[in-house]
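The primary structure of each chain is shown beneath.
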Amino acid sequence: MPTEVNRLFDFPYYQLETYNLKDAFSTKYHGKWETLSTQQYIDKANQLSRGLLKMGIQPNDKVAIISTNNRSEWNICDIGVLQTGAQTVPIYPTICKEDYQYVINHSEAIYCIVSDETILEKLNQIKGDTKLKEVFTFDNIKGEKSWKEILKLGEDNSNQNEVEARKDAVKPNDLATLIYTSGTTGKPKGVMLSHSNVVTNVIASKNRVPLEYGNSKGLSFLPVCHIFERMILYLYQYCGVSVYFAESIEKLTENAQEVKPDVMTAVPRLYEKIYDKIILKGEDLTGIKKKLFFWAVNLGLNYKPYGANGWWYEKQLGLARKLIFSKWQAALGGELKLMVSGSAALQPRLTRIFAAANMPIMEGYGLTETSPVISVNDQLNGNFRVGTVGKVIDDVEVKIAESGEILVKGPNVMQGYYKDPKKTAEVLQNGWFHTGDKGEFDEDGFLKITGRTKEMFKTSGGKYVIPPLLEGELKQSLFIEQVMVVGENEKMPAAIIQPNFEYLKDWAKDHKIPFNSNEEIIANTKVINAIQEAVDTCNHNFGKWEQIKAFKLTPDVWSIDSGHLTPTMKMRREVIKKIYNHLCEEIYRG
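Predicted model, so just to flag it, every value in this text is computed and none were measured. (Residues numbered from 1 in each chain as written. Predicted model: local features only at pLDDT ≥ 70, side-chain atom pairs only at ≥ 80, totals over all residues. Heavy atoms only, no water.)

(A) Broad picture of the overall build of the protein. Each helix and strand in the protein was counted, giving 21 helices and 27 strands. Against the compact-globule benchmark of 25 Å for 590 residues, the protein has a radius of gyration of 25 Å, which places it among compact chains. With the principal axes as the frame, the protein shows a C-alpha extent of 75 × 55 × 50 Å. As displayed, the protein offers around 25300 Å² of accessible surface, 49% of which is attributable to carbon and sulfur atoms. Charged side chains in the protein number 72 positive and 73 negative. The centres of these two groups are separated by 3 Å. (Helix = DSSP H or I, 4+ residues; strand = E, 2+ residues; numbered from the N terminus. Rg over C-alpha atoms; globule rule 2.2 N^0.38 Å. Areas by Shrake-Rupley, 256 points an atom, 1.4 Å probe, with all protein chains shown as cover. Lys, Arg positive; Asp, Glu negative; His and termini not counted. Charge placed at Lys NZ, Arg CZ, Asp CG, Glu CD.)

(B) Structural view of the pattern of salt bridges. Within this structure, the stated rule accounts for 26 salt bridges. Here aspartate 156 and lysine 54 are joined by a salt bridge, their closest N and O atoms 3.4 Å apart. Taken together, the residues aspartate 156 in the loop between α6 (148-153) and α7 (160-169) and lysine 54 in helix α2 (residues 38-54) connect sequence positions 102 residues apart. Look at aspartate 156 and you get partly exposed, because its relative accessible area is 41%. Measuring nitrogen to oxygen at the nearest pair gives 2.5 Å for the salt bridge that ties lysine 337 to aspartate 262. One end of the pair, lysine 337, is in the loop between α13 (311-331) and β13 (338-341); the other, aspartate 262, is in the loop between α10 (252-259) and β12 (263-266), with 75 residues separating them in the sequence. Through salt bridges with shared partners, one network takes in Lys28, Glu247, Lys251 and Glu258. (Salt bridge = Lys/Arg side-chain N within 4 Å of Asp/Glu carboxyl O. Buried < 20%, exposed > 50% of the residue type's maximum accessible area, 1.4 Å probe, protein only.)

(C) The environment of glutamate 520, seen in detail. Among the secondary structure elements, glutamate 520 is positioned in helix α18 (residues 518-522). Considering only alpha carbons, one finds glutamate 520 and proline 555, 35 residues apart in sequence, at a separation of 8.6 Å. Non-local contacts of glutamate 520, meaning those with residues more than four positions away in its chain, are made with Pro514 and Phe515. (Contact = heavy atoms within 4.5 Å.)

(D) Region of the structure containing the nonpolar core. In terms of nonpolar packing, the biggest core is built from 152 residues, with Trp147, Met264, Phe325, Trp328, Phe354 and Ile497 touching the most fellow members. What tryptophan 147 contacts, discounting residues up to four positions off in sequence, is Leu48, Glu73, Ile76, Cys77, Ile113, Phe136, Thr137 and Phe138. By size, the runner-up hydrophobic cluster in this structure holds 25 residues, among which are Val89, Ile104, Leu132 and Val135. (Core = buried A, V, L, I, M, F, W, Y, C linked by side-chain atoms within 4.5 Å.)

(E) Up close: helix α1 (residues 10-18). Taken as a whole, α1 has its buried residues at Asp10, Phe11, Pro12, Tyr13, Tyr14 and Gln15. Each element contacted by the buried residues of α1 is listed here: α2, α3 (72-82), α7, α8 (195-205) and α9 (227-239). Of the residues one or two after α1, asparagine 20 is the one with positive phi, at around 45°.

(F) Seen up close, the environment of glutamate 502. As for its placement among the helices and strands, glutamate 502 is situated in helix α17 (residues 501-510). Glutamate 502 sits in the partly exposed class, given a relative accessible area of 49%. Sequence spacing of glutamate 502 and leucine 280 is 222 residues, and the spatial spacing of their C-alpha atoms is 8.7 Å. Those residues in contact with glutamate 502, other than ones at most four positions away along the chain, are Lys277 and Leu280.

In structure tokens:
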């Protein structure tokens, strides 16, 4: 009888009894993949638990984990800490040192485990202003304590019975983790998720996984400190999927070709980058090869699931898959059966083109506060519809408020915000979590996101504008990488645009436009006219009051490090407005 899973640390034991994988987790060190079996994973987690007990860790203590890349050690630490009745506090590696300090102090973490020297350097600048007793590292760093010291303490298994007693004392509704939302404004909020919150979400999501359990491989590269990828890793454990951790985003393609994954997850921005790079390669082709390439792309952009376009389209698609799309598949290992997207809206054109290429992206919807999955598309039983975030998963209830806001109820909804009853009361009312997102159901029960209540604004003429809808449409242009629609209380909507400089520079060379810098290229009249055409194309799909009447281009690339984007690549609207206030002033008062 397999282990009943109702706490997060039950997943490895369930996997051992059900699948007993030889390669539960694989991480690349110094150019070589190193693998942990399910049994080794459990043994090391127990070793870590024993070591932590000898260090005096108590139930409800907090242990922070900060890792630049996903790696097997993260999962061992997660399970090892949770088994003692303590809680993990995953922290985004890319946030500033002041936010490190805030999260560590607010959570009252007493230990911190970091991956490498870069993070350690940042942490050491604020460590003295926290209550951290010790900092341990995954990498071997001279003069620093290695996490292996905790494992060494746990080599003696004489206190394993104490570990078992601690495990038995942990109940499903006990707090498991504090996840600090990256937030687009203000200080991060500590989302309290119980074991049951995440476990029920994993079990309800399992039905949407069309993979061969116990015999599939997943490639993981989204930050595991985010609940989306973390929940996916638990789901992989539950479904017996072998997990391979990509070295970095830059090495994603190389690692995919080595691993040949069946499944991977990403945020829309990464799918956009993959698509843009493929199109750029197509632009470099000549003659019949180029014609065939773009014939296949145009065919793919009109894709509809389940043969809805008819037999002639499917016939052409079969040819396109053989001649063109098979090469796209090969670039990502050649075995991909499924990709999953979350965290932000996915452009329908990407859903269509990748499905046409036989690498379907199943878009889902959720928030940190909902552990995270609320709804997701899946190919089974006709549950895949382009332009939607799928149907609501089992055990979760969704209703649309009169205002259009999406409200959620279910065992996946958080316990609240840590030490913040006021903010908790604002979003949790009568058992319903107020998401802040607007949505609607179609006639078949598919959920569609129509905007964020906080992102909507009124022009001075009293007309409502929903920026994400305009932004999604604008980003379909290869010329535009990032865009933010502005215009609250102004006479008209406008846009601040970060061009896709990689594409733009190739385009400029083809059009014999000289340039020495980003500043120079965005000042060129031909470039401005090309982007104006993209804006005009977008405007055709919107009412007159919504249309973009003016835009300004930025010479710099929006990034996490510069503060434009959150660690999950969402725009920090207030920050961007502040950075480009001079451009807004030029638009409205210039």
